[in-house]
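Architecture and fold: a report
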Amino acid sequence: MSTDTAKQYVLKIRCPAASGIVAAISGYLAANDCYIAEMAQYDDEMTENFFTRIVFRFNEGNGDLEKLQLGFLEIQTRFNMQVEFFDRSKPMKVMIMVSKFDHCLLNLLYRHHKGELDFEITAIVSNHLDLRPIAEREGIRFIYLPVTKDTKEQQEAELLKIVDETQTELVILARYMQILSDNLCKQLAGRAINIHHSFLPGFKGAKPYHQAFERGVKLIGATAHFVTADLDEGPIIEQEVQRVDHAYLPDDLVAIGRDTETVALSKAVKYFVEHRVFLNDDRTVVFQ
């Protein structure tokens, strides 16, 4: 069978570091008539954790993945592994959350249309109606969940219900300008990605780029990270940066900020939907 048409799978493993892990995995796959097309591994000496991502296929067409998983349980138990198998032919289901800014949403849609981001959009959810025409133009379900102090808990419960009903695997906060509650952050732990501007010092509140201009900022950056209850402090997946100088006006900084945000977010999403991201306590391991 051609390698171009053979069905591929991804195997993700995290476990305590120990001798014989790679030999056990590769030996098992070989014994079950599998071919390893790609393999990346990392041994974190600080946490003593081992991570690996393996892309493989069955040598004789579509093998029995369920049988392969069941047979792997002995190795999984022996090395105390956290194991996930994924079928690469099945796009990940993602939900995109937005408010009024459209640049991150439009960039994700563009890269999706171009085949750079292989996912299925279950819905676009917003606390405003501004970007509804974009969703309607794309034929994507648009869900309006306006949030106030009195309705926040109810709307977050509705959001979780939609996530469950649509079997959404990743929630993308594409400039969703609403702070999520601690409870929602816990419910979406490890499956929600946010984008945030990156400045030193950290300019919080309204118009961060204008604040940065007033302080003579020299770098414009953006950070894509997992959502946690600690606002904008979740494990970092990807960062982008661009140098500026005294000649840049606030509007110039905003425009550059849009670019860095779209690039950082799209890369983080791509890594996640391709199963390249591992949580490593408060950090991440990303096989690029």
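Below you will find a few notes about this structure.

What counts, and where the lines are drawn
- Counting of residues starts from 1 at the beginning of each chain's written sequence and follows it residue by residue.
- At least 70 in pLDDT is required for a residue's local features to be given in this predicted model, at least 80 for side-chain atom pairs to be given and counted, and no such filter applies to totals for whole chains, interfaces and linings, which use all residues.
- Only hydrogens and water are removed before side-chain values are computed, so all heavy atoms of the structure are retained for them.
- Any two strands are treated as partners once DSSP identifies two or more bridges connecting them.
- Segments assigned H or I by DSSP are reported as helices when at least four residues long, segments assigned E as strands when at least two residues long, and all are numbered from the N terminus.
- Lines fitted to C-alpha atoms define the axes, with helix axes restricted to the stretch in contact, and inter-axis angles between N-to-C directions lie between 0 and 180 degrees.
- To estimate how far a helix should reach, multiply one less than its number of residues by 1.5 Å.
- Three exposure classes are used, based on accessible area relative to the maximum for each residue type with a 1.4 Å probe and protein chains only: buried under 20%, partly exposed in between, and exposed over 50%.
- Working definition: the arc comes from the directions between the helix axis and the C-beta atoms, pointing outward to the latter.
- Any pair of residues with heavy atoms lying within 4.5 Å of one another is described as a contacting pair.

Strand order in the open sheet made by the four strands is S2-S3-S1-S4, with antiparallel pairing throughout. Each having just a single partner strand, strand S2 (34-44) and strand S4 (82-87) make up the two edges of the open sheet. When strand polarity is set aside, the average angle formed by the axes of neighbouring strands in this sheet is 10 degrees.

Right, let's get into helix H5 (residues 152-165). Its 14 residues place the ends of H5 20 Å apart at the C-alpha level, agreeing with the 20 Å of an ideal helix rising 1.5 Å per residue. Inspection of H5 places Gln155, Glu156, Leu159, Leu160, Ile162 and Val163 among the buried residues, and these make up the whole buried set. Each buried residue of H5 lies within a common arc of 160 degrees when the element is viewed along its axis, so the set occupies one face. In this structure, H5 carries Glu153, Gln154, Asp164 and Glu165 as exposed residues pointing more than 90 degrees from its buried face. Lining the buried residues of H5 we find strand S5 (92-98), strand S6 (119-126), strand S7 (142-144), strand S8 (170-173) and helix H6 (182-187). Positive backbone phi, at 55 degrees, marks Gln167, one or two positions downstream of H5.

Most peptide bonds are trans, and most residues other than glycine sit at a negative phi. Backbone geometry places Asn80, a non-glycine residue, at a positive phi of 55 degrees. Within the fold, Asn80 resides in the loop between helix H2 (65-78) and S4. Its identity is not glycine, yet Arg175 carries a phi of approximately 65 degrees, on the positive side. Assignment of secondary structure puts Arg175 in the loop between S8 and H6.

So yeah, pure geometry; function would need other evidence.
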